[in-house]
Each structure stands twice: as C-alpha cells, then as structure tokens.
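So you can see what is in the structure, the chains are spelled out below.
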Amino acid sequence: MLDTVVVGGGVVGAACALTLAQAGLGVALVEGREPAQWSAAEPDLRVFAIAPDNADLLESLGAWNGVLGRRAHAYRRMRVWDAAGGGELGFDSDALGRQQLGWIVENSLLQERMWSLLAGAGVQVLCPARVESMEQDESSVRLRLEDGTRLQSRLAIAADGAQSTLRELAGLQVSAHDYRQRGVVAFVQTTGSHEDTAWQRFLPGGPLAFLPFSEGRSSIVWTLPEAEAERVLSIDDAVLGRELTNASQARLGEVTPVSERAAFPLRRQLAKDYVAGRVLVVGDAAHVVHPLAGQGVNLGLRDVSGLHASIVDAQARGVAWDAPHRLSRWSRTRRSENAAAAYTFDAINRLFSNEEMHSSLLRGPLLGLAGRVPGLANAFWRRASGL
Ligand SMILES: Cc1cc2nc3c(=O)[nH]c(=O)nc-3n(C[C@H](O)[C@H](O)[C@H](O)COP(=O)(O)OP(=O)(O)OC[C@H]3O[C@@H](n4cnc5c(N)ncnc54)[C@H](O)[C@@H]3O)c2cc1C
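A brief structural summary. (Residues numbered from 1 in each chain as written. Predicted model: local features only at pLDDT ≥ 70, side-chain atom pairs only at ≥ 80, totals over all residues. Heavy atoms only, no water.)

### Things to note about the side chain of Q181
- As for its position among the elements, Q181 is in strand β12 (residues 174–190).
- Side-chain polar atoms of Q181 contact the backbone oxygen of G205, separated by 3.3 Å.
- At 3.0 Å, the side chain of Q181 and the side chain of H290 are in polar contact.
- For Q181, the contacting residues outside a window of four places in its chain are G205, G206, T223, L224, P225, E226, F264, P265, L266, H290, N349 and S353. (Helix = DSSP H or I, 4+ residues; strand = E, 2+ residues; numbered from the N terminus. Polar contact = N/O pair within 3.5 Å; in protein donor to acceptor, adjacent residues only side chain to side chain. Contact = heavy atoms within 4.5 Å.)

Here's what the structure looks like:
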C-alpha cells in the first residue's frame, strides 16, 4: 500500500508529491495530461509572483536553481495607485532588508523543473491518467483510474485544480462567488524601464498589473468586467497598446503588446473543509482567490509546506503522521489563513473596482494613509509574502 496518492500534477500537486517523497513517504502522482514543455522562445502566459517563503520551499525540493538558471525575474519594488487619485502605496525590498520581494516565474517552467525531479525522488508517476472512483474506510483510500488501474494508499490528496474531481468524489462542498470579471494576460514591451517593479493601478473595472518579466518586457494581468474583457481580447495590438499606455498613465512609457492574449474567469471559491476522512484538498482544489495580490499559487504552496511540517513533526515524535486530529489541525490552520486572504482580496476588489462616489472618495486617501503610517505597508507585505 502507498502512503499517499496526489491527484493533479500542476505546480501545487508536483510540489506536494516531491515534498512528501522527501519526507520518506511512498507517493504516486496521477495527472490527467502531459505537462506543457517550457520554451525559452515562447514564454508561458501564466506567470506567478513567487514569494520568498515559497522560493525556499522550491529550493528545498531542489527545483529553484533550475528555475533561476532559466528565467525568473526578481522584483524589488511594488507601486499601487488608484484611478480616482489620492495616495500611492509602495513596498521596497531595501526597507525590508531583502534583495527582492519575490520573483516572476512562468507556470510551465516551475512545473517542468519539478516534474524533472519526480522519478529521482521515487514518486510513481501515472500520466495521462484520471481518477474515476474513490472509496475509503478508516485505514485507507482506494482509487480506481479511468484505465482500470487501482491504487490503495493511506491518504489521497486532491491537487486537481478548481474543478477537482477528487474533491467531489470525497463529498467536500465549496462556497463560490463569481466576480463576473476576467483576467486578461499578455506580454508587453514598454519604452520606459519597469525598474524591477510590480506596478498596479486600480481602475473602475478592476486592477491593471504590470509584472517585470525580462529587460524591457512585462507581463500584464488586466482585471475587467466580462464584456470589456471580450472587447480587449479582440482589438488590434495598436489599439490595445494605446489603451494600456493610458490606463497605466504611461508610468512605464509607451506600451506595445508582443504576444497572444488569454483571459481567465475570476471567482472566489473556498472548500468548506479541507479533509474528508483520508482525502485532503490543496491548492486551487481547496481555494481560488482573486488574482489582484498574485497569491493564488503561493497559498497553495503554503498548504503543502504546512502539511510537510505536520508530517515531519509526527515522524520526529514517533507518532502517526496521518492521525485524524493532525489532519484536522492542518485543515483548520490552512482554511482560516486562506479564507482570510480570499476575503481581504474580495474587499479590496469591491472597494476599488467600482465608480460609486463613497468608494472613490475613500480609496485614494486609504492608499495614502497605508503608505504613510510607519510600518503598516511593510507589515502588510510581510504578512502577504510569508517573509
Ligand atoms: C489571471 C490569473 C493570474 C494569476 N496570477 C497569479 C500570480 O501572480 N501568483 C499566484 O500565486 N497565482 C496566480 N494565479 C492563480 C494560479 O494560477 C493558481 O492558483 C494555480 O495555478 C493553482 O495551482 P494548482 O496546482 O492548485 O492547480 P492547477 O494549476 O489548476 O493544476 C491542476 C492540475 O490537475 C490536473 N487535473 C485536473 N483534473 C484532473 C483529474 N481528474 N485527474 C488527474 N489530474 C487532473 C490538471 O491537468 C492540472 O495539471 C492567477 C490566476 C489567474 C486566473
């Protein structure tokens, strides 16, 4: 019998499989499709702002050097300002005594680096393979895959994304809220330097972020109401460039789109519990949050670190690492942290993404105040980035 089956080999599932294998557990990873290969010439449109604590996790897995050696852009500052005017909020790595606030990294590169380590870590990889059914009792979980393969393990971990099949098979409920917004992503070239800074301007339709990706190039995430996102997907590059230059008040100079565009539906979705017997949920299977703070994958990787810490602690004490009270404690801690993050991003999105008078009057001064109260911005940043 295996110790753990991880279902879903995205960034969170692959990190989970690796970290549990490194803790000495017998692990299988079930993934529905071959991961996309990273390409130096054609960057992946899905990029993440990886926080320092998660860079440490990836380092401990042996994946981080391979990421840094290929393509990761350190960002040292963050600037947030509002279309309604007023203050500006800034975070600087120098003030936090760090060389950087985090790194902008492509999804496919992270996934590829971790997948390259799976076999060496002893993880049994089943791909392409999908879970069809699940049964469990007090001592084990039995999974049947669509090709008829059967797996038995002490735990099964759902890391199969927002539409998680395993979460549903385990009967774990979610509460969901559709923002009726989409996140439009693309790469752009700018005539001015991005200054190794993540820029975000709050506009009535939603925030527009520029994440520094390479010299002269940024990755944009533009949150827009659904119909507006459709329009932005269909306009030509020259028009989009002008709109982005205006929307960013030319803080990075003139903007020219240099890639295809994609759009993702945005919602908040929270599993009501992270454990059902011997099935756990992590990553987007457990929580989907608004992308305005770039925390989605970071929260998922923290689910993994928390689980790893609980298992290693049990091993050190010589007690059962899969005891129900341990799993419940992990679930409670992660659920409250992730829900707090989700509702904070929700409140920010509500306050900033509208044109109502009382909100506009509040926003600018609020950002200015947050920037002026000594230590407040830095305290917020430390909390968000796991520093
Ligand atoms: C516009 C946008 C911008 C974002 N920006 C950021 C950012 O800057 N920083 C950040 O941290 N996050 C960001 N996010 C969020 C981030 O994309 C997700 O939080 C993250 O990808 C979740 O990773 P995951 O591994 O949990 O899930 P996924 O990446 O969805 O992986 C799930 C995996 O499970 C597999 N799978 C699915 N079903 C099955 C099945 N039945 N059987 C087997 N395998 C299955 C899939 O093939 C996939 O490989 C952003 C999201 C959006 C929409």
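Here the narrative resumes, following the displayed structure.
### Some details on the nonpolar core
- In this structure, V30, I50, W64, L110, M114 and L143 are the most contacted members of the largest nonpolar core, which totals 73 residues.
- Of all the elements, helix α1 (residues 11–22) adds the most residues to this core, at nine residues. (Core = buried A, V, L, I, M, F, W, Y, C linked by side-chain atoms within 4.5 Å. Buried < 20%, exposed > 50% of the residue type's maximum accessible area, 1.4 Å probe, protein only.)

### With respect to the sheet that holds strand β7 (residues 102–106)
- The strand order across the open sheet built from three strands is β3-β7-β4, with neighbouring strands paired in antiparallel fashion. With one partner strand each, in any of the chains shown, β3 (47–50) and β4 (73–75) form the two edges of the open sheet. Averaged over neighbouring strand pairs, the angle between their axes works out to 30° when direction is ignored.
- Pairing of β4 with β7, which is carried by three bridges, proceeds in the antiparallel orientation. Each bridged residue has a counterpart across the sheet, and for A74 the counterpart in β7 is W103. (Pairing = 2+ DSSP bridges. Axes fitted to C-alpha atoms, helices over the stretch in contact; angles between N-to-C directions.)

### Regarding the pairing of β12
- Across ten bridges, β12 lies against strand β17 (residues 262–271) in antiparallel orientation. Counted as the bridge partner of H177 is R268 from β17.
- Examined bridge by bridge, β12 and strand β16 (residues 255–257) share three bridges and lie antiparallel to one another. Note on β16: the bridge partner recorded for Q189 is T256.

### A closer look at the packing of aromatic side chains
- Counted according to the given criterion, the structure contains four aromatic pairs.
- Summarising the aromatic geometry, the rings of W81 and W199 are spaced 6.3 Å apart at their centres and angled 85° between planes, so their arrangement reads as edge-to-face. In this pair, W81 is assigned in strand β5 (residues 77–82) and W199 in strand β13 (residues 197–203), connecting sequence segments 118 residues apart.
- You can call W81 buried: its relative accessible area is 6%.
- Judged by its relative accessible area of 6%, W199 is buried.
- Aromatic pair F187 and F213: ring centres 4.6 Å apart, planes at 50°, arrangement tilted. Here F187 is found in strand β12, whereas its partner F213 is found in strand β14 (residues 206–214), with 26 residues between them in sequence.
- Exposure remark for F213: the relative accessible area of 3% places this residue in the buried category.
- Above the face of the W81 ring, R251 is positioned so that its terminal group lies 4.4 Å from the ring centre. (Phe/Tyr/Trp six-rings, centres within 6.5 Å; stacked < 30°, edge-to-face > 60°. Lys NZ or Arg CZ within 6 Å of the ring centre and 35° of its normal.)

### Notes on the site of the ligand
- Around the ligand lies a shell of 29 residues, among which E31, R46, D284, G294 and V297 are the nearest.
- One nitrogen or oxygen atom from the side chain of R46 is found 2.6 Å from an oxygen atom belonging to the ligand.
- Between G294 and the ligand, the recorded distance is 2.9 Å, taken from a backbone N or O atom to a nitrogen atom.
- Within the complex, the protein chains bury 89% of what would otherwise be the 1,000 Å² of accessible surface of the ligand.
- The set of elements that each furnish at least two residues to the shell around the ligand consists of α1, β3 and α8 (296–317). (Near = heavy atom within 4 Å. Areas by Shrake-Rupley, 256 points an atom, 1.4 Å probe, with all protein chains shown as cover.)

### Remarks on the environment of W81
- Spatially, the C-alpha atoms of W81 and W199 are 8.4 Å apart, while their sequence positions differ by 118 residues.
- Here Q249 takes part through its side chain, which lies 2.6 Å from a polar atom of the side chain of W81.

### Observations concerning the pattern of salt bridges
- Within the structure shown, the criterion is met by 22 salt bridges.
- The closest approach of N and O atoms between D196 and R76, which form a salt bridge, is 3.6 Å. Here D196, found in the loop between β12 and β13, pairs with R76, found in the loop between β4 and β5; they are 120 residues apart in sequence, far enough to count as distant.
- On the basis of relative accessibility, which here comes to 30%, the residue R76 falls in the partly exposed class.
- The closest approach of N and O atoms between R251 and E88, which form a salt bridge, is 3.0 Å. Of this pair, R251 sits in the loop between α7 (237–247) and β16 while E88 sits in strand β6 (residues 88–92); the two residues are 163 residues apart in sequence, bridging distant segments of the chain. (Salt bridge = Lys/Arg side-chain N within 4 Å of Asp/Glu carboxyl O.)

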